[in-house]
Amino acid sequence: MKLKIDDVRTRFIKHLGGEPGSVYASPGRINLIGEHTDYNGGFVFPGAVEQGMIAEIRPNGTRTIRAYSIDLKDYAEFSIDDEKGPNASHFRYIFGVAREMMALGIPVEGFDTAFAGDVPNGAGMSSSAALESCYAFAINDLFGEGKIDKMTLAKVGQATEHKYIGVNCGIMDQFASVHGKKDNLMRLDCRSGEFEYFPWNPKGYKLVLINSCVKHELVGSPYNDRRNSCENCVKTIKELHPEKEITTLREATWDELKEIEGKVSAEDIKRATFVLGEKDRVLAVCDALENGDYETVGQKMYETHYGLSKEYEVSCEELDFLNDIAKECSVTGSRIMGGGFGGCTINLVAEELYDNFVKTAVEKFQQKYGKKPVVIDVVIGDGSRKLC
Ligand code: GLA
């Protein structure tokens, strides 16, 4: 975490007064491969990053949360007993998490808090999951004696997105933020909840994000539309095969997808084609990683980009342009990362090609779009934790 405890503390005391509280942090994430698979019961392959959210919190003995956003210089007070909550989304995350923790039986009380983050907003690195996970972890520690397990904390963040923000997201981002481990990626089976840590030490390669700084807006929303398409395909397969146990596209086969052609829209078929392909690609990447075969990992990343762009249609011109530059610079693998509709590409680059790639990407992007993309070297860090 590049953010400093002292910076947050100074602002906490300035804006909320009194004694210091406890300080917690929770990271954003990258995802090597496995996009839009989480809500389809598939696999994802994320890792937590160094960048994250940091929050100072002090119970105040009332039923009111007094919150200050250091980055936005915005203050609000809201009661945890009021069903409606604040309007601004940065405060709604905190409110939603508090309410969801109460629903789990945690005796949440009011608190004073100041928070800040260094996950670039809209980069597809899950700044919102970092915020939710930070407060879920903190509330569990301060009011719940730490008795809620990590996966449930991740689900609290996910439920907050669903109920308080309106994004029907999967579990990947909150899972990664809570469970992250330095120098490790994680392969999560989103159907069973089982996961494994994979030490990430790609000798001779680097992971770098190129942030297009084009912002996506998931609320209201193309993201939910994609999810609906997938669910519609599942429903139609189930109608044709009532005996089949199928709740997500994880259980669907290529043959079944062929069978429902004409029964669902061509668009729904394209979306499901991506998801079935992505399911296979994550497993291929796991095998390749076990054999140290980064060329295959990279090839699958390019295939994912193609699918996200042409089948799932969550790319945009700027991200396709960055992907083309990666190809031109012989980068091993490159693709859009996260939900899409803007944000970053994630690139697996041989060390000797790194300087040229980064320079070329920045120059060409600037020539074409009149602004510099931001280069973010990936450092895999730890998950939610108490700092002091
Ligand atoms: C967003 C969502 C995740 C996941 C990704 C796409 O980040 O929050 O749950 O669906 O998009 O893989």
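Everything below is about the structure shown above.
Residues numbered from 1 in each chain as written. Predicted model: local features only at pLDDT ≥ 70, side-chain atom pairs only at ≥ 80, totals over all residues. Heavy atoms only, no water.

A. Just the pattern of salt bridges, in detail. Under the criterion given, the structure shown has 25 salt bridges. Between Arg250 and Asp189 there is a salt bridge, and its shortest N-O distance comes to 2.9 Å. In this pair, Arg250 sits in the loop between helix 6 (222-240) and helix 7 (254-259) while Asp189 sits in strand 7 (residues 184-189), placing the two residues 61 residues apart along the sequence. The exposure classification of Arg250 matches that of Asp189, with both residues buried. In this structure, Arg227 and Glu231 form a salt bridge, with 3.1 Å as the shortest nitrogen-oxygen distance. In this pair, Arg227 and Glu231 both sit in helix 6, four residues apart, roughly one turn of the helix. With a relative accessible area of 41%, Glu231 lands in the partly exposed category. Put simply, Arg58, Arg66, Glu77 and Asp112 are held in one network by salt bridges that share partners. (Salt bridge = Lys/Arg side-chain N within 4 Å of Asp/Glu carboxyl O. Helix = DSSP H or I, 4+ residues; strand = E, 2+ residues; numbered from the N terminus. Buried < 20%, exposed > 50% of the residue type's maximum accessible area, 1.4 Å probe, protein only.)

B. View of the packing of aromatic side chains. Within this structure, the stated rule accounts for 18 aromatic pairs. Plain terms: the ring middles of Tyr205 and Tyr294 are 5.0 Å apart, the flat faces sit at 40° to each other, and that makes the pair tilted. Here Tyr205 is found in strand 9 (residues 205-211), whereas its partner Tyr294 is found in helix 9 (residues 294-311), with 89 residues between them in sequence. No difference in accessibility class separates Tyr205 from Tyr294, as the two residues are buried. What links up through ring pairs into an aromatic cluster is the set Phe78, Phe91, Phe95, Phe111, Phe115, Tyr135, Phe143 and Tyr164. Across the ring face of Tyr197, the terminal group of Lys181 is positioned such that the distance to the ring centre comes to 4.5 Å. The ring of Tyr354 has Lys206 sitting right over it, with the charged end atom 4.2 Å from the ring centre. (Phe/Tyr/Trp six-rings, centres within 6.5 Å; stacked < 30°, edge-to-face > 60°. Lys NZ or Arg CZ within 6 Å of the ring centre and 35° of its normal.)

C. Highlighting the sheet that holds strand 12 (residues 374-377). Taken together, four strands build an open sheet; the order of strands is 10-11-9-12 and the sheet is antiparallel. Looking at strand neighbours, the two that pair on one side only are strand 10 (333-336) and strand 12, the edges of this open sheet. Each adjacent strand pair in this sheet contributes to an overall mean axis angle of 20°, direction not counted. The sheet contact formed by strand 10 and strand 11 (residues 344-350) spans four bridges and is antiparallel. Within strand 11, the position partnered with Arg335 by the bridge is Ile346. Its contacts with the sheet put helix 9 on strand 9, strand 10 and strand 11, and the angle it makes with strand 10 is roughly 25°. Packed on one face of the sheet, helix 11 (residues 351-369) meets strand 9, strand 11 and strand 12 and runs near 145° to strand 11. (Pairing = 2+ DSSP bridges. Axes fitted to C-alpha atoms, helices over the stretch in contact; angles between N-to-C directions. Contact = heavy atoms within 4.5 Å.)

D. The arrangement of the sheet that holds strand 7 in detail. The three strands are arranged 2-7-8 in an open sheet whose pairing can be described as antiparallel. The sheet is open, and its two edges are formed by strand 2 (43-44) and strand 8 (195-199), each paired on a single side. When strand 2 meets strand 7, the two strands line up antiparallel, connected through two bridges. Bridge pairing in strand 7 links Val44 to Leu188. Each of strand 2, strand 7 and strand 8 is contacted by helix 8 (residues 266-290), which is oriented at about 40° to strand 8, the strand it contacts most.

E. Region of the structure containing the site of the ligand. Inspection of the region around the ligand gives Arg29, Glu35, His36, Asp38, Tyr39, Cys169, Gly170, Met172, Asp173, Tyr223, Gly338 and Gly339 as its neighbouring residues. Arg29 places a polar side-chain atom, nitrogen or oxygen, 3.1 Å from an oxygen atom of the ligand. Between the ligand and His36, the relevant distance is 2.6 Å, taken from an oxygen atom to a main-chain nitrogen or oxygen of the residue. Alone, the ligand offers 300 Å² of accessible surface; in the complex the protein occludes 95% of this. Placement of the ligand is best described as lying within the largest pocket. (Near = heavy atom within 4 Å. Polar contact = N/O pair within 3.5 Å; in protein donor to acceptor, adjacent residues only side chain to side chain. Areas by Shrake-Rupley, 256 points an atom, 1.4 Å probe, with all protein chains shown as cover. 1 Å grid on protein atoms, 1.4 Å probe; cavity = no way out; pocket = protein on both sides within 12 Å on 5 of 7 lines; lining within 4 Å. Sits in = over half its atoms within 2 Å of the grid points.)

F. View of the nonpolar core. Among the nonpolar cores identified, the biggest contains 75 residues, and Met101, Tyr135, Ile139, Leu249 and Phe357 are the most heavily contacted of them. Sequence-distant contacts of Ile139, that is, excluding residues within four places in its chain, are made with Val97, Ala98, Met101, Ile106, Val108, Phe111 and Gly144. With 31 residues, the next largest nonpolar core counts Ile33, Phe43, Tyr205 and Ile376 among its residues. (Core = buried A, V, L, I, M, F, W, Y, C linked by side-chain atoms within 4.5 Å.)

G. Representation of the pairing of strand 9 in the model. Most of strand 9 is tucked away: six of the seven residues are buried. Inspection of the sheet shows strand 9 paired to strand 11 by seven bridges, in the antiparallel sense. Note that in strand 11 the partner of Leu207 across the bridge is Leu348. Sheet topology places strand 9 next to strand 12; four bridges connect them, and they run antiparallel. The residue bridging Leu209 from the neighbouring strand is Ile376, located in strand 12.

H. Spatial organisation of the state of the cysteines. Summed over all chains, the structure comprises zero disulfides. Its sulfur unpaired, Cys169 is 11 Å from the next cysteine sulfur, which belongs to Cys190. Note on Cys169: relative accessible area 9%, which makes it buried. (Disulfide = S-S within 2.5 Å.)

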